[in-house]
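Listed below, chain by chain, are the residues.
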Amino acid sequence: VRGMNIEKEKCCGCGACANACPQKCVSMEPDKEGFLYPIVNNDRCVNCGLCERVCPFVNLSKANKKPTVFAARSNDDNIRYQSSSGGIFPELAKAMFKVGGVVFGAIMSSDNRKVIFSCASSINELTPIQGSKYIQAEIGDTYTIIKNYLLQGKKVLFTGTTCQVAGLKTYLQKDYDNLICADVICHGVPSPLMWNKYYDYMTDKYQCDVNRVSFRSKKYSWSEFGVQLSAEKEVFEFSFQNPYFRLFNSNLCLRPSCYDCKVKGLNNKSDISLGDFWHIDNLIPSFEDGKGVSIVLLNTQKGLDFFEDCIAGGNIEVAPEHVSYEQACECNKAIYKSMSESSRRSEFFLDLATQKFSTIKSKYSPDSWKYSMKAFFIKTGIWKTIQKRGDKRR
């Protein structure tokens, strides 16, 4: 990274350096893969070194103790339907609004070309923040805005990826009692360039602009979710059908730092971590109803206190059975494990720079009749029968 003594593979793109620079000479610019990296205007730089002092991957702190773990879900089925897993984030946000606080989270931009951060101060402003977005969000000056709120005594809930939370913490340089940080358990962030190529492909294919994107639609179920694009017509594809999601899951298109994330597991800097409690039916069968369950990791005492207050409010149900950290990790390995880099990653990005998405899809994740058959089985209910038979054989 020009102007900073940080290897590119160790830059998570959190934007802490750009927010912290007193000369405003650090800007976040896309590289040829579409990921944002800090670029320094050396004519204005005074070599204060603050940009490196706030980098979360350079300034790693000691590991935390094992978190308290819950399997949890919102009592409001509508909230759960609109959420990626158990609907816990909206309940945390509602608790923050009740005490006059604000909530920061990622939203799609007005043209659906990128993901940016937004601030909500009421439940009516929360909907765009709900749900997972499988594109790296641009921080912009969000950290600076949050610090101003904190200095005014405002309570703040910040939600983002683990590295964005770590970036906020190092940018602030101190802990604030009126700040709660919650991260989404992260597989890794795919290239914004790939998203834009996919978006062009879809708008060309269906000859219309997209006015709403849902990466985790529960139209059929929580476990068999899909990508839903809405415009003049609605397009739904199960995740295994959708080429963008298949490429994401193949680990071809992730940011280089995601293959060796420094703030996963016990190095997590959040107060609360939220994610899917996959395989909950094997661990706590009575708590699985097909509508979504969240893993809730309470990494700090402040996070635990806040979450217990939310439970006391009566809008969150937690499973009565104890869940260990090890069990949570087994059900969602992204808690502690970075994804392995694909051997075809370099080749993929060379093609992504010059080829249309249709060509990329055909080469790296071609369609298969098996995807269409599985989609048909799910829609007709046959898939559940097949799964039950498989369970009996096991």
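You'll find the structure just up there.
Every chain is numbered independently, its residues counted from 1 as its sequence is written. Confidence filtering applies because this is a predicted model: local features only for residues at pLDDT of at least 70, side-chain atom pairs given and counted only at 80 or more, and all residues used for totals across whole chains, interfaces and linings. The side-chain quantities take in all heavy atoms of the structure and omit both hydrogens and water.

Topic: the overall build of the protein
Filter applied, for reference: For helices the rule is a DSSP run of H or I covering at least 4 residues; for strands it is a run of E covering at least 2, with both sets numbered from the N terminus onward. The globule rule used for comparison is 2.2 Å times the number of residues to the exponent 0.38, while the radius of gyration itself is calculated over C-alpha atoms. Between buried and exposed lies partly exposed: a residue is buried under 20% and exposed over 50% of the maximum accessible area for its type, with that area taken using a 1.4 Å probe on protein chains only. Contacts were defined at the residue level, with two residues in contact if any of their heavy atoms lie within 4.5 Å. The protein chains shown are the only cover counted for residues, whose accessible areas, like all others here, come from Shrake-Rupley with a 1.4 Å probe. His is not counted, nor are the chain ends, whereas Lys and Arg count as positive and Asp and Glu as negative. In this description, the location of a charge corresponds to atom NZ of lysine, CZ of arginine, CG of aspartate or CD of glutamate.
The helix and strand tally for the protein stands at 15 helices and 13 strands. For 394 residues, the compact-globule formula gives about 21 Å, and the C-alpha radius of gyration of the protein, at 21 Å, lands near that figure. Along the first, second and third principal axes, the C-alpha atoms of the protein reach 65 × 55 × 40 Å. Counting every position in the protein, which comprises 394 residues, the buried fraction comes to 54%. For the protein, restricting intrachain contacts to residue pairs at least 6 apart in sequence, the fraction spanning at least 24 positions comes to 68%. Counting every atom, the protein has about 18400 Å² of accessible surface; 49% of that belongs to carbon and sulfur. Put simply, the protein has 52 plus and 42 minus side-chain charges, and the middle of one group is 2 Å from the middle of the other.

Observations regarding the pairing of strand S12 (residues 294–298)
The following threshold applies: Paired strands are those between which DSSP finds at least two bridges.
In terms of burial, S12 is largely enclosed, as five of its five residues are buried. Alternating positions in S12 separate into two faces, Ser294, Val296 and Leu298 on one and Ile295 and Leu297 on the other, with burial throughout. Pairing of strand S3 (residues 68–74) with S12, which is carried by five bridges, proceeds in the antiparallel orientation. Following the sheet pairing, alanine 71 is matched in S12 by isoleucine 295. Pairing of strand S11 (residues 272–276) with S12, which is carried by five bridges, proceeds in the antiparallel orientation. Along S12, the bridge assignment pairs glycine 275 with isoleucine 295.

What to know about the layout of surface pockets
Operational definition: The definitions used throughout rest on a 1 Å grid laid over the protein atoms alone, on which a cavity is an enclosed set of points accommodating a 1.4 Å probe that cannot get out and a pocket is an open set flanked by protein within 12 Å on both sides along at least five of seven lines; lining residues are those having an atom within 4 Å of a point. Grid points are joined across faces, edges and corners, and a volume is the space filled by probe spheres set on the points. The residue classification treats Ala, Val, Leu, Ile, Met, Phe, Trp, Tyr, Cys and Pro as nonpolar and Asp, Glu, Lys and Arg as charged. All others, Gly included, are polar.
Its boundaries defined by the atoms lining it, the second largest pocket holds a volume of some 530 Å³. Lining the second largest pocket we find 28 residues, and of these Thr127, Gln130, Arg212, Val213 and Ser214 sit closest to its centre. Secondary structure elements with two or more residues in the lining of the second largest pocket: helix H3 (77–82) and strand S8 (212–217). Broken down by element, the residue count for the lining of the second largest pocket peaks at six residues, all from S8. Looking at the lining of the second largest pocket residue by residue, the class counts come to seven nonpolar, 14 polar and seven charged.

Structural notes on the packing of helix H7 (residues 192–206) against helix H12 (residues 345–354)
Put simply, the rule reads: Interaxial angles span 0 to 180 degrees and are taken between N-to-C directions of axes, which are lines fitted to C-alpha atoms, for helices over the stretch in contact. Oblique is the label for any angle not under 35 degrees, not over 145, and not in the 65 to 115 range, which are roughly parallel, roughly antiparallel and roughly perpendicular in turn. Take the far helix as the reference: if the near one is turned anticlockwise from it by less than a right angle, the crossing is left-handed, and if turned clockwise, right-handed.
Look at H7 against H12: their axes get within 10 Å of each other, and the N-to-C directions meet at 45°. On the basis of the axis angle, H7 is oblique to H12. The handedness of the crossing between H7 and H12 comes out as left-handed. For the pair H7 and H12, contact is made by Leu193, Met194 and Lys197 and by Phe348, Leu352, Ala353 and Thr354, respectively. Among the residues forming the contact of H7 with H12, the class breakdown is five nonpolar, one polar and one charged.

Thoughts on the nonpolar core
Spelled out, the test is: Among the buried residues, those of types Ala, Val, Leu, Ile, Met, Phe, Trp, Tyr and Cys that are joined through side-chain atoms within 4.5 Å form a nonpolar core.
Among the nonpolar cores identified, the biggest contains 68 residues, and Phe158, Leu168, Leu179, Trp195, Tyr198 and Phe348 are the most heavily contacted of them. Non-local contacts of leucine 168, meaning those with residues more than four positions away in its chain, are made with Tyr143, Ile146, Phe158, Leu179 and Cys181.

Observations regarding the packing of aromatic side chains
Inclusion rule: The rule is short: rings of Phe, Tyr and Trp, with Trp giving its six-membered ring, pair when the centres are within 6.5 Å, and they are stacked under 30 degrees, edge-to-face over 60, tilted in between. The rule is short: NZ of Lys or CZ of Arg within 6 Å of the ring centre and within 35 degrees of the ring normal puts a charge over the ring.
Applying the stated criterion to the full structure yields 29 aromatic pairs. Aromatic pair tyrosine 198 and phenylalanine 357: ring centres 5.4 Å apart, planes at 70°, arrangement edge-to-face. Of this pair, tyrosine 198 sits in helix H7 while phenylalanine 357 sits in helix H13 (residues 357–364), and the two are 159 residues apart along the sequence. Take tyrosine 198 and phenylalanine 357: they sit in the same class, and that class is buried. Seen in terms of ring centroids, tryptophan 222 and tryptophan 278 are 4.8 Å apart; in terms of plane orientation they differ by 15°. Their pairing is stacked. Remark: tryptophan 278 occurs in the loop between S11 and helix H9 (280–283) and tryptophan 222 occurs in the loop between S8 and strand S9 (226–230); sequence separation between them is 56 residues. Over the aromatic face of tyrosine 171 sits the side chain of lysine 147, whose NZ or CZ is 5.8 Å from the ring centroid.

What about the pattern of salt bridges?
Put simply, the test is: The rule for a salt bridge is simple: a side-chain nitrogen of Lys or Arg has to be within 4 Å of a carboxyl oxygen of Asp or Glu.
Counted under the stated rule, the structure contains 22 salt bridges. Residues aspartate 31 and lysine 8 are paired through a salt bridge, measuring 3.0 Å at the closest nitrogen-oxygen approach. One end of the pair, aspartate 31, is in the loop between strand S1 (26–30) and strand S2 (36–40); the other, lysine 8, is in the segment before helix H1 (16–20), and 23 residues separate them in sequence. One salt bridge connects lysine 94 with glutamate 91, and the closest N-O pair in it is separated by 3.1 Å. Separated by three residues within a single helix, lysine 94 and glutamate 91 lie in helix H4 (residues 88–98), roughly one turn from each other. Within the structure, one salt-bridge network assembled from shared partners comprises Arg73, Asp77, Arg80, Asp289, Lys291 and Glu317.

Here's the deal with unusual backbone geometry
One non-glycine residue with positive phi stands out, namely lysine 24, at about 55°. Among the structural elements, lysine 24 can be located in the loop between H1 and S1. Phi is positive for asparagine 112, which is not a glycine, with a value near 60°. Structurally, asparagine 112 is set in the loop between strand S4 (102–108) and strand S5 (115–120). Among the residues examined, asparagine 112 registers a relative accessible area of 4% and is labelled buried.

Section: the sheet that holds strand S6 (residues 156–160)
Taken together, the eight strands give an open sheet; going across it, the order is S5-S4-S6-S7-S11-S12-S3-S13, and neighbouring strands pair in mixed fashion. The strands lining the two open edges of the sheet, one partner per strand, are S5 and strand S13 (316–318). Averaged over all pairs of adjacent strands, the angle between strand axes in this sheet comes to 30°, irrespective of strand direction. Against the sheet, H4 touches S3, S4, S5, S6, strand S7 (179–184), S11, S12 and S13, its axis set at about 160° to S6. Packed onto the sheet, helix H6 (residues 162–172) meets S5, S6 and S7 and runs at close to 155° relative to S7.

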